[in-house]
Amino acid sequence: MHHSFSHFPRFMQSAGTPYNVGFQVGKHLGPALADYIDAYLLAGPYKRETFDYGRHQQESLSILHHFPQRYQQELEGIAHGAKIPLKKIARWVSVEACMAPLCSGFLLNVNHHLWLGRNNDLWSPHFWGYARERHVNNRIPVVTFGLAGDVFTATGINKAGLWLHYNYLKAPDMDRKDSSFFPNYCQIVEMLETCETWKDISVFLSKTPRQEGMMLFVSDRQNNTHGIFECTCWDWIERPLDLESPSSFLIGTNHYTQTPYENAKDPDRKDSVRRYQRLETLLTPFLAGEKTPHIDALKAILADKGVEKSETQYGTVYAAIYSPHHHVLWYTFGGYPAASCGNWQTLLPF
């Protein structure tokens, strides 16, 4: 069953204290946000065999209270603004801690012009395709992508010109029951609001343990430094994009590519490797000059059947392409599967 929340704006802006930033969004979405959360959970996460329903019901408020105070305040603001229980918000924002998503992405350098492409593969596909611009007092303004009113994200950009997105990795040192570290989707927002450069990101990763693995794509527009950090919970390995060559690319899906963390015996690796190899095939012609990286060609890569996911309740829920050189991004504001059928629109951040 598809639910309609057509009155929810696809792009929202808010500014002020963390609480006020949340309150503005909650007030705008109103009590219908509770129905949206319920429909989202019922349409996807609760149907997944891998979902830990018992943990979700018992620990959602506890997970919320482990977030840094700045995020607790924003979440409380959303609940109060929308006039819905905080427990409802807690079940919404804790759901990803109870299961593992997939994703695909690339960085493509052609004639020293860089492009980033990203498919976000998740559940409840018809509920995604929203964006928020937030300016929390004394922090860097950010634009983030995901669900309506989302506080957290796996994809975003800040006013300093730093682009981040991440894919899930099954870290060898992961303990999903340990809630003492705030999760990656919260850490992405924290990095966007406090970091300006590639070096800032590496310092953050060194000081901040993670609850799970992370394939982190980074584009530092200020310093023309771009690449991937393959992160475990306690360690990370850099894969900088080669900018010495006229053309190059990097790919990341949902498996480690660097020694000693690759795990050839993991059953989930097969699908990830297939998507990785398909992206290699699709990107290689750009290096030889056989193809030009115009926006339609890049959309076609993300929409390729070997890359995009399109199950009934799980698949590519949003897609994005970013050009640091032009400081322009394209994003799918709704539509499923997002890369091939999404409502692609141009966004000029800040």
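Everything numeric in this text was worked out from a predicted model, so none of it was measured.

Visitor: Looking at this structure, how should I read the overall build of the protein chain?
Guide: Regarding its fold elements, the protein chain presents 10 helices and 14 strands. By the compact-globule yardstick of 20 Å for 350 residues, the protein chain fits well, its C-alpha radius of gyration being 19 Å. Overall, the C-alpha framework of the protein chain stretches about 55 × 45 × 40 Å when taken along its three principal axes. Considering the protein chain as a whole, with its 350 residues, one finds that 62% of them fall into the buried category. A separation threshold of at least 6 residues defines the contact pool for the protein chain, and within that pool the share at least 24 residues apart is 67%. Carbon and sulfur atoms make up 50% of the accessible area of the protein chain, which amounts to about 14000 Å² in all. Once the 33 positive and 35 negative side-chain charges of the protein chain are each reduced to a mean point, those two points are 5 Å apart.

Visitor: How should I be thinking about helix 4 (residues 69-82) in this particular structure?
Guide: Three or four residues apart is the spacing at which side chains of an α-helix point the same way, because the helix has 3.6 residues per turn. End to end, helix 4 covers 20 Å across 14 residues, agreeing with the expected 20 Å (1.5 Å per residue, within 8%). Burial of helix 4 is extensive: 10 of the 14 residues sit out of reach of the surface. Listed as buried for helix 4 are R70, Y71, Q72, E74, L75, G77, I78, A79, G81 and A82. Looking at the packing, one finds that the buried side of helix 4 touches helix 1 (18-29), helix 2 (32-43), helix 3 (53-65), helix 5 (86-93), strand 4 (128-136) and helix 6 (184-194). Residue K83 follows helix 4 closely and has a positive phi angle near 60°.

Visitor: What exactly am I supposed to notice about the sheet that holds strand 5 (residues 142-147) here?
Guide: Strand-to-strand pairing in sheets goes through backbone hydrogen bonds, with the strands running parallel or antiparallel. Strand order in the open sheet formed by eight strands is 1-4-5-6-7-8-9-10, and the pairing between neighbours is mixed. Every interior strand has two partners, whereas the edge strands, strand 1 (11-16) and strand 10 (236-240), have only one. This sheet shows a mean twist of 20° between the axes of neighbouring strands, independent of strand direction. With seven bridges connecting them, strand 8 (residues 213-220) and strand 9 (residues 225-231) associate as antiparallel partners. Of the residues in strand 9, the one forming a bridge with M214 is C231.

Visitor: So what exactly am I meant to see when it comes to the pairing of strand 9 here?
Guide: A regular strand places its side chains so that they alternate between the two faces of the sheet. Within strand 9, six of the seven residues are buried, leaving the element largely enclosed by the surrounding structure. Here strand 8 folds back onto strand 9 in antiparallel fashion, the turn holding four residues, of which N224 has a positive phi close to 50°. As defined by bridge partners, strand 9 adjoins strand 10 across five bridges and the pair is classed as antiparallel. Residue pairing across strands places C231 opposite W236, the latter belonging to strand 10. The hairpin turn running from strand 9 into strand 10, its antiparallel successor, is four residues long.

Visitor: Would you mind showing me how to read the sheet that holds strand 2 (residues 102-110) here?
Guide: Ordered in space as 11-2-3-12-13-14, the six strands form an open sheet in which the pairing is antiparallel. The two strands at the open ends of the sheet, each matched to only one other strand, are strand 11 (247-252) and strand 14 (344-347). The mean angle between the axes of side-by-side strands here comes to 15°, regardless of whether they run parallel or antiparallel. As judged from the four bridges shared by strand 12 (residues 314-323) and strand 13 (residues 328-332), these two strands associate in the antiparallel manner. In the sheet register, S323 faces strand 13, and the bridge partner there is V328.

Each value, and the rule that gives it
Residues numbered from 1 in each chain as written. Predicted model: local features only at pLDDT ≥ 70, side-chain atom pairs only at ≥ 80, totals over all residues. Heavy atoms only, no water. Helix = DSSP H or I, 4+ residues; strand = E, 2+ residues; numbered from the N terminus. Rg over C-alpha atoms; globule rule 2.2 N^0.38 Å. Buried < 20%, exposed > 50% of the residue type's maximum accessible area, 1.4 Å probe, protein only. Contact = heavy atoms within 4.5 Å. Areas by Shrake-Rupley, 256 points an atom, 1.4 Å probe, with all protein chains shown as cover. Lys, Arg positive; Asp, Glu negative; His and termini not counted. Charge placed at Lys NZ, Arg CZ, Asp CG, Glu CD. Expected span 1.5 Å × (residues − 1). Pairing = 2+ DSSP bridges. Axes fitted to C-alpha atoms, helices over the stretch in contact; angles between N-to-C directions.

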